[in-house]
Amino acid sequence: MPQQVEVQDRAKRINLALQGGGSHGAFAWGVLDRLFEDGRIAVEGIVGTSAGAMNAAVAAYGLTLGGNEGARSALRRFWGDRGRTRALVDYAAIMAGPVKKPGQP
């Protein structure tokens, strides 16, 4: 553990602002994962909007629990759950049938 603290002390401290948009959020997860994996970088502050805010909140939560590895783990769980939820939503939409526009018989 002392080695990890030493690496964090020498790390380049950065602040992140994450953009919104569903697909941008999923893309940003990959970028964040790589940043948190790199021991030369320490995230000091993180904010976002829309999907970026979700990434920021989950990453901040993970950082408080377990540092960079905690953030990676929390983001992996969050986005893994989103993928499973989306599959269920798609299945329900298929089972419900086509959506009719207003005025369509």
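The rules behind each value
Residues numbered from 1 in each chain as written. Predicted model: local features only at pLDDT ≥ 70, side-chain atom pairs only at ≥ 80, totals over all residues. Heavy atoms only, no water. Salt bridge = Lys/Arg side-chain N within 4 Å of Asp/Glu carboxyl O. Helix = DSSP H or I, 4+ residues; strand = E, 2+ residues; numbered from the N terminus. Buried < 20%, exposed > 50% of the residue type's maximum accessible area, 1.4 Å probe, protein only. pLDDT = per-residue confidence, 0-100. Expected span 1.5 Å × (residues − 1). Arc of directions from axis to C-beta. Pairing = 2+ DSSP bridges. Phe/Tyr/Trp six-rings, centres within 6.5 Å; stacked < 30°, edge-to-face > 60°.

Draft legend 1. Structural context of the pattern of salt bridges. Inspection of every chain in the model, using the stated rule, returns five salt bridges. Its salt-bridge partner being Glu37, residue Arg72 comes within 3.7 Å of it at the nearest N-O pair. Of the two residues, Arg72 is situated in helix α3 (residues 51-96) and Glu37 in helix α2 (residues 22-37); the sequence distance between them amounts to 35 residues. For Arg72, a relative accessible area of 12% corresponds to the buried category. In this structure, the salt-bridge partner of Arg72 is Glu69, at a minimum N-O distance of 3.2 Å. Placement of both Arg72 and Glu69 in helix α3 is noted, with a separation of three residues, approximately one turn of the helix. Given a relative accessible area of 45%, Glu69 falls into the partly exposed group. Several salt bridges converge on common partners, so that one network encompasses Asp33, Arg34, Glu37, Glu69 and Arg72.

Draft legend 2. Quick look at unusual backbone geometry. Despite not being glycine, Ser50 shows a phi value in the positive range, around 55 degrees. Take Ser50: it is sitting in the loop between β2 (41-48) and α3. Residue classification places Ser50 among the exposed residues on the basis of a relative accessible area of 52%.

Draft legend 3. Local environment of the confidence of the model for the protein. Predicted confidence across the protein gives a mean pLDDT of 81, with 71% of residues reaching 70 or more. Highest mean pLDDT in the protein belongs to strand β1 (residues 12-18) (95); lowest belongs to helix α1 (residues 2-10) (57).

Draft legend 4. Geometry of α2. An ideal rise of 1.5 Å per residue puts 22 Å on 16 residues; α2 measures up with 23 Å between its terminal C-alpha atoms. Inspection of α2 places Gly25, Ala28, Leu32 and Phe36 among the buried residues, and these make up the whole buried set. End-on view of α2: buried residues confined to an arc of 70 degrees, all on one side of the axis. Residues Ser23 and Phe27 are exposed on α2 and point more than 90 degrees away from its buried face.

Draft legend 5. Structural detail: the pairing of β1. Sheet topology places β1 next to β2; seven bridges connect them, and they run parallel. Bridging across to β2, Ala17 finds its partner in Val47.

Draft legend 6. Structural view of the packing of aromatic side chains. In this structure the tally under the stated criterion is two aromatic pairs. Where Trp29 meets Trp79, the ring centres are 6.4 Å apart and the plane angle is 15 degrees; that geometry is what we call stacked. Highlighted residues: Trp29 in helix α2 and Trp79 in helix α3, separated in sequence by 50 residues. Judged by its relative accessible area of 27%, Trp29 falls in the partly exposed class. A ring pair is formed by Phe78 and Trp79, whose centres lie 5.4 Å apart and whose planes are at 90 degrees; its orientation type is edge-to-face. Like Trp79, Phe78 is buried. In this structure an aromatic cluster arises from ring pairing among Trp29, Phe78 and Trp79.

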